[in-house]
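Analysis of the macromolecular model
So the chains spell out like this:
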Amino acid sequence: MAMLWWGVFPYICLGSIVFGSMYRYAYHPMSWTSKSSELLERRWLRIGSMLFHWGLLFVVIGHIMGLLIPIQVYQWLGVSNTMYHTNAELFGGFFGLVTLIGMTILLLRRIFNARVRRNSSPSDFLADALLWIVIALGEAMTTIWDTVNGPYEYRTTVGPWVRSLFTLQPKIELMVHVPLLLQIHIIASFVLFGVAPFTRLIHMYSAPIIYITRAPMQYRSRVRYAHRPPRERS
């Protein structure tokens, strides 16, 4: 089971990301979108989306700092374990809560708003539910498990395991004694990544770089145009 979950399953999900995204881009390029429902309901979408996306931005930064940067780097910089975990719990817990609140608003909006619900596909509900589960598990690990049991040093287990995936030599033994709650959080995260190419979450794999270089859109005032003499309009 350890080999399955920590040596095989991650690559299945990563393969789904790569080949699923390639398939969708090649055969369904017009569906590569987040399927905005702003025209159906605007108020709760603005609140939930703002909280979710800003919170998620800092959560992702925190994961990069904790999983991709070796613990030796922090030790070389003079950052003690106590300092690191105190800040991780404070800032990680705060932004995780912000993200969870935003996702809860978006999920409840999709369920209870009749117009949004009628225009939602099963994949939309699946994506929102998986997002909520992953975020809730991560927040529970940071704010509840660490408070009760003390900070878990994932930089010596989960971090090296994640980095070993990129070298195609997964260190499965590092994940055997990881807390169950964190294991479920990681597995649910890989499930989310794996199904993303087949849901509206596909847009998270896109970087709108073209927005920086594209020509500005030109707008003309309807009011001024309407008051021009007929000859000028033509």
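All residue numbers refer to position in the chain's written sequence, counted from 1. Local features in a predicted model are, by the rule used here, given only for residues with pLDDT of at least 70; side-chain atom pairs are given and counted only at 80 or more, and totals for whole chains, interfaces and linings are based on all residues. Each side-chain value is derived from all of the structure's non-hydrogen atoms; neither hydrogens nor water enter the calculation.

**Focus: the overall build of the chain**
Where we set the bar: Here a helix means four or more residues in a row that DSSP labels H or I, a strand means two or more in a row labelled E, and each is numbered from the N terminus. Categorising residues by exposure relies on relative accessible area from a 1.4 Å probe, with only protein chains included: less than 20% of the type maximum marks a residue as buried, more than 50% marks it as exposed, and the intermediate range marks it as partly exposed. Per-residue accessibility takes into account occlusion by the displayed protein chains alone, with areas from the Shrake-Rupley method and a 1.4 Å probe.
Secondary structure summary: the chain contains eleven helices and zero strands in total. Beginning at the N terminus, the succession of helices and strands in the chain can be written as α-α-α-α-α-α-α-α-α-α-α. When each of the 234 residues of the chain is scored for burial, the buried share is 35%. As presented, the chain carries roughly 15,300 Å² of accessible surface, and 69% of it is formed by carbon and sulfur atoms.

**Considerations on the pattern of salt bridges**
So the rule is basically this: When a carboxyl oxygen of Asp or Glu is within 4 Å of a side-chain nitrogen of Lys or Arg, the pair counts as a salt bridge.
Applying the stated criterion to the full structure yields six salt bridges. Of the charged contacts in the structure, one is a salt bridge between R200 and D128, with a shortest N-O distance of 1.9 Å. On the criterion of sequence distance, the pair formed by R200 in the loop between α8 (180-195) and α9 (210-213) and D128 in helix α6 (residues 122-149) is long-range, its members being 72 residues apart. Across the pair, D128 and R200 agree in class, each one buried.

**Some words on unusual backbone geometry**
Of note, L168 is a non-glycine position whose phi angle comes to about 60°, a positive value. Note on placement: L168 falls in the loop between α7 (158-166) and α8. L168 gets classed as exposed once you look at its relative accessible area, which sits at 64%.

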